[in-house]
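Here are the chains, one letter per residue:
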Amino acid sequence: MTFAITQNCCTDAACVAVCPVNCIHPAPGERDFGTTEALYIDPGACIDCGACADACPVDAVHPVAELTPAQQPYAGINAAYFEGTGQPASGAGAEGDHGPNFHAWGAPSFDRVLPADFAPLRVAIVGTGPAGMYAAEDLLLHTRSEVTLVDRLPAPGGLIRYGVAPDHPATKRIGETFARFHTHPRVRLHLGLDVGTHITADELAAHHDAVIYAVGAASDRRLGIPGEDLPGSIAATTFVAWYNAHPEVAPDAVDLSSDRVVVVGNGNVALDVARILVSDPDSLAGTAIAGHALEELRRSKVREVVLLGRRGPEHAACTGTELLALKNLPGVDLVVDDHDARIGTAIDAAGAAGAAGAAHKAGLFQDVPREAVDWSAPPRTAGGRRRIVFRFHSEPLALHGDGHLRAVRVTSGAGDARGAGEAGEQEIPAGLALRAIGYRGVPQAGLPFDEESGTVPHEGGRVTGRPGTYVVGWIKRGPSGGIGTNRRCAAETVGTLLADAVAGRLPAPTGGARAFRRLARRRR
């Protein structure tokens, strides 16, 4: 009985490190590592030891024989990755190998070598999301550093706590892995302390050898179209924060009294908000969803959610794993709006849904009904069911309404596969519009900032022009990559920090740990 990696793989490669037969790919150092939607287990090489399942922080690894009907496609997706990828398959490693226990392993490498007399550092980390906690883990496990964790919110967790959908409890579970470091004997945790409001960046730096900013991307990208600020038009980030009980979003921030919602975007965040909007509230009752959000969802009149994508189905921004899961949502129908000839052409030409790890997104829509939706009519749902409409090759032009959102004006076309044909405009009646086109970093007090990229300028994580200051996560690289990407990102930043420490490039702190704790208590 082999194992398979399912929907919520975080790609942090904890499973790779414990696999005794090197059957999980792409692994760190391999060509495709960091570029695939998930990691994959070679069914021909897996020896059913279960070490990967024990190590997985998000409960994504399961025996193939125990997969639910909804999870069964992942067995094929794992196997398909090893067909024509150049990765070892069915136990084949170096020449002369005769079984899965004889995979070729690379020579050991040691990227960091610290001197024997390397003194402990005092490092402050601003932000307790995945990026900050991977950095803290690295410092605590591999050095004798003391770590000060600072977060402006009253509870730790960052995007894990306030950004992951409540119906993804397995993904949220990685927060338990990080939480064990909150009470580490060399850690001090300061919550409700905002750098830039309660203390300055200079004050924080003066009490530590180094400071790492892991503040993420706290804002959202705007559409830049007329009517964007109408009541009823909000950012998907606000909606996500609302159902996760973020303390800075009011309980009455969302009104679900409309029967149709338009979501601009079709990435994973767009799928998250669409799924929450059409899910049975009873199925959410046992999750960590905010009480006020659950009450509003029980009163909700939403029957249809429209996902707008400016490109075709083959370029859908969501991962194939999330899209596959959406197809198994109880009581919900999926529909593709067939308003443009290019849509059907792309879907019909796509490979099978399980081919190449579902890399060809359009193939996942082959069994989804297509219809030319009549937007002048109310949502077509029956028997208490709700539906999600994927509308590709369409982008918003304006939001209309008299004091409140009434409709979204979008592009509409009937082009052929070459993109030719007449394009027009259509109005989609809706009382709520959510823009889900990406996150964006915001300037940090005392740090340089690149307005174009929404990041802090850096070299290998070292903040430009500010010795002893570092960045990690989305504020470093922009809003890209999942949870596991932060492990590699943090390793680079911590490596740069330690190299600076060895070279004597860190400014000497003028205050101690106790002085900082007193300062934090006074200012908070």
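Residues numbered from 1 in each chain as written. Predicted model: local features only at pLDDT ≥ 70, side-chain atom pairs only at ≥ 80, totals over all residues. Heavy atoms only, no water.

A.B. asks: Is there a simple way to think about the packing of aromatic side chains in this case?
C.D. replies: For the structure shown, the criterion picks out nine aromatic pairs. Ring centres 5.3 Å apart and planes at 50 degrees place the aromatic pair Y439 and W474 in the tilted group. Here Y439, found in strand β20 (residues 439-440), pairs with W474, found in helix α15 (residues 474-477); they are 35 residues apart in sequence, far enough to count as distant. One exposure class covers both Y439 and W474, and it is buried. Feature note: the residues Y40, Y81 and F82 constitute an aromatic cluster, connected by ring pairs. (Phe/Tyr/Trp six-rings, centres within 6.5 Å; stacked < 30°, edge-to-face > 60°. Helix = DSSP H or I, 4+ residues; strand = E, 2+ residues; numbered from the N terminus. Buried < 20%, exposed > 50% of the residue type's maximum accessible area, 1.4 Å probe, protein only.)

A.B. asks: How should I be thinking about the side chain of R260 in this particular structure?
C.D. replies: Among the structural elements, R260 can be located in strand β11 (residues 260-264). Dropping the residues within four chain positions of it, R260 is found in contact with E304, V306, W375, A377, P378, P379, I428, P429, A430, G431 and L432. (Contact = heavy atoms within 4.5 Å.)

A.B. asks: It is not clear to me how helix α10 (residues 268-278) should be interpreted in this structure. Could you clarify?
C.D. replies: Turn by turn, an α-helix covers 3.6 residues, leaving residues three or four places apart pointing in a common direction. Buried residues dominate α10, accounting for nine of its eleven residues. Listed as buried for α10 are A270, L271, D272, V273, A274, R275, I276, L277 and V278.

A.B. asks: For this particular structure, what's the right way to read a positive patch on the surface?
C.D. replies: Side chains of R514, R518, R521, R522 and R524 sit close together on the surface and give a patch of like positive charge. Mapped onto the elements of the fold, R521 is located in helix α17 (residues 513-523). (Patch = residues over 30% accessible without salt bridge, like charges linked within 9 Å, V, L, I, M, F, W, Y side chains within 5 Å. Areas by Shrake-Rupley, 256 points an atom, 1.4 Å probe, with all protein chains shown as cover. Salt bridge = Lys/Arg side-chain N within 4 Å of Asp/Glu carboxyl O. Lys, Arg positive; Asp, Glu negative; His and termini not counted. Charge placed at Lys NZ, Arg CZ, Asp CG, Glu CD.)

A.B. asks: Looking at this structure, how should I read the pattern of salt bridges?
C.D. replies: Close approach of charged atoms allows side chains with opposite charge to pair. Under the criterion given, the structure shown has 35 salt bridges. A salt bridge links E228 to R222; its shortest N-O distance comes to 3.6 Å. With a closest N to O distance of 3.3 Å, R370 and D348 form a salt bridge. With a gap of 22 residues between them, R370 in strand β14 (residues 370-371) and D348 in helix α14 (residues 341-349) connect regions that are remote in the sequence. Assessed through its relative accessible area of 55%, D348 is described here as exposed.

A.B. asks: So what exactly am I meant to see when it comes to the nonpolar core here?
C.D. replies: One broad rule of soluble globular proteins: the nonpolar side chains tend to lie buried together. In terms of nonpolar packing, the biggest core is built from 108 residues, with I24, I125, F239, Y243 and F390 touching the most fellow members. The residues contacting F239, other than those within four sequence positions of it, are I234, V254, L256, V273, L277 and L434. Listed in part, the 19 residues of the second largest apolar core include A124, L204, L447 and V463. (Core = buried A, V, L, I, M, F, W, Y, C linked by side-chain atoms within 4.5 Å.)

A.B. asks: What am I meant to see in the confidence of the model for the protein chain here?
C.D. replies: Keep in mind that low pLDDT regions are not for reading the predicted coordinates in detail. A residue-level look at the protein chain finds 92% of positions with pLDDT of 70 or above and a mean pLDDT of 90. For residues 90-98, every residue scores under 50 in pLDDT, and the model assigns this stretch 16 contacts once sequence neighbours within four places are set aside. Here residues 416-421 is a poorly scored stretch, pLDDT under 50, and it has nine contacts once near neighbours within four places are set aside; other chains count. (pLDDT = per-residue confidence, 0-100.)

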